[in-house]
Amino acid sequence: AMARALRGKARFRMSDLVLLVQQNGIDALPIVTLVTFLLGLILAFVGATALQSFGAAIYVADLVGVAMVRDMGALITGIIMAGRSGASFAAQIGSMKVTQETDALTTMAISPMEFLVLPRVIALSLMMPLLTLYGNAMGMLGGAFVGYTMLDLSGLEYFQQTAGAVGLNDVIGGVFKGSVYGVLIALAGCLRGMQSGKSSSAVGDAATRGGGTS
């Protein structure tokens, strides 16, 4: 289905893709903002309690920046999107199976894989790297809040220290991980939706498995 999409032959509605991009991108910003900001704040607070005793409080910026950019930003954003989008994909496709919409697509010679699964995979694959970058920024902002309020570090000083600690390779590695998580989450959620039974309880089970598997 992806190969057909690259050749421009996949059959799905562009309006569906745009809506899915909005739902899995812009609409996810509030929860990503809250969780990643709190994560950066917690990392900075825990690091500050240890580093202050050595007179190395400035290295809290290094700790938060490297941790968020390399691993934590992508991982936490992935966990959020697994519970949010993975379960949503499973529930949506499972509901379509209950109402026999997938059977109707097959009857009309339209592949459910192309029409339902492909736009969801594309949308989440596009949005996860951007959400990862945004989560990294919010985590650093949370660390800067602790640095400013607890450690008497100026904002400029904190972000200069972060810029010195975080390299381009770290950023690229984190974004790549976020992209992989996005593909896996979308595939897992859609898989559970396609495997759903045709009862109302089966849709709930599919949503639970979709979020958990992701």
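Residues numbered from 1 in each chain as written. Predicted model: local features only at pLDDT ≥ 70, side-chain atom pairs only at ≥ 80, totals over all residues. Heavy atoms only, no water.

A. Quick look at helix α6 (residues 112–149). Helix length check: α6 (38 residues) gives 53 Å between terminal C-alpha atoms against 56 Å at 1.5 Å per residue, within 8%. Along α6, the sharpest change in direction is near 35° and occurs at L118; proline P119 comes one to four residues later. Within α6, 27 of the 38 residues are buried, leaving the element largely enclosed by the surrounding structure. (Helix = DSSP H or I, 4+ residues; strand = E, 2+ residues; numbered from the N terminus. Expected span 1.5 Å × (residues − 1). Bend = angle between axes of the 7 residues up to and from the residue. Buried < 20%, exposed > 50% of the residue type's maximum accessible area, 1.4 Å probe, protein only.)

B. Molecular detail of helix α2 (residues 14–24). Buried residues of α2: L17, L20 and N24, and no others. The buried side chains of α2 occupy one side of the element, clustering within an arc of 65° when seen end-on. The exposed residues of α2 that point more than 90 degrees off its buried face are M14, S15 and V18. On its buried side, α2 packs onto α4 (60–98) and α6. (Arc of directions from axis to C-beta. Contact = heavy atoms within 4.5 Å.)

C. Quick look at the side chain of K97. Mapped onto the elements of the fold, K97 is located in helix α4. The buried category is assigned to K97, whose relative accessible area is 16%. A polar contact is formed between the side chain of K97 and the backbone oxygen of S196, at a distance of 3.5 Å. (Polar contact = N/O pair within 3.5 Å; in protein donor to acceptor, adjacent residues only side chain to side chain.)

D. Molecular detail of the nonpolar core. M81 and L124 are the most contacted members of the largest nonpolar core, which has 37 residues in total. Residue assignment for this core shows that the elements contributing at least two residues are α2, α3 (29–51), α4, α6 and α8 (168–194). No other element matches the 11 residues that α6 contributes to this core. Each residue touching M81, except ones within four places of it in the same chain, is listed here: N24, A28, G86, L124, M128, L131 and I185. (Core = buried A, V, L, I, M, F, W, Y, C linked by side-chain atoms within 4.5 Å.)

E. Inspection of the packing of aromatic side chains at higher detail. On inspection of all chains with the given rule, the structure shows two aromatic pairs. Note on F37 and F145: the rings are 6.3 Å apart at their centroids and 55° apart in plane angle, and the pair reads as tilted. Highlighted residues: F37 in helix α3 and F145 in helix α6, separated in sequence by 108 residues. Considering the side-chain rings of Y158 and F159, the 5.5 Å spacing of their centres and the 80° angle between planes classify their relative orientation as edge-to-face. Given the relative accessible area of 37%, F159 is considered partly exposed. (Phe/Tyr/Trp six-rings, centres within 6.5 Å; stacked < 30°, edge-to-face > 60°.)

F. Region of the structure containing unusual backbone geometry. Positioned with a positive phi, Q100 is a non-glycine residue whose angle comes to about 65°. Within the chain, D152 stands out as a residue other than glycine whose phi angle is a positive 60°. Within the secondary structure, D152 is located in the loop between α6 and α7 (155–165). Judged by relative accessible area, which is 67%, D152 ranks as exposed.

G. A look at the pattern of salt bridges. Following the criterion strictly, the structure yields three salt bridges and no others. Across the pair D16 and R13 runs a salt bridge whose closest N-O atoms are separated by 3.0 Å. Judged by its relative accessible area of 47%, R13 is partly exposed. A salt bridge links D71 to K177; the shortest N-O distance between them is 2.5 Å. Taken together, the positions of D71 in helix α4 and K177 in helix α8 put the pair 106 residues apart, joining distant regions of the chain. Take D71: its relative accessible area is 40%, and that puts it in the partly exposed class. (Salt bridge = Lys/Arg side-chain N within 4 Å of Asp/Glu carboxyl O.)

H. Structural view of the environment of L17. Residue position: L17 is located in helix α2. Residue classification places L17 among the buried residues on the basis of a relative accessible area of 11%. Contacts of L17, omitting those with residues within four sequence positions, involve F12, P119, I122 and A123.

I. How the structure looks around the packing of α6 against α7. Running from N to C, α6 and α7 cross one another at 135°; their axes reach a closest spacing of 10 Å. What the angle tells us is that α6 and α7 run oblique. Between α6 and α7 lies a crossing whose hand is right-handed. On the side of α6, the interface is formed by M140, L141, G143 and A144, while α7 contributes Y158, F159 and T162. For the contact of α6 with α7, a count of residues per class yields five nonpolar, two polar and no charged. (Axes fitted to C-alpha atoms, helices over the stretch in contact; angles between N-to-C directions. Parallel < 35°, antiparallel > 145°, perpendicular 65-115°, else oblique. Left-handed = near helix turned anticlockwise from the far one by under 90°. Nonpolar A, V, L, I, M, F, W, Y, C, P; charged D, E, K, R; others polar.)

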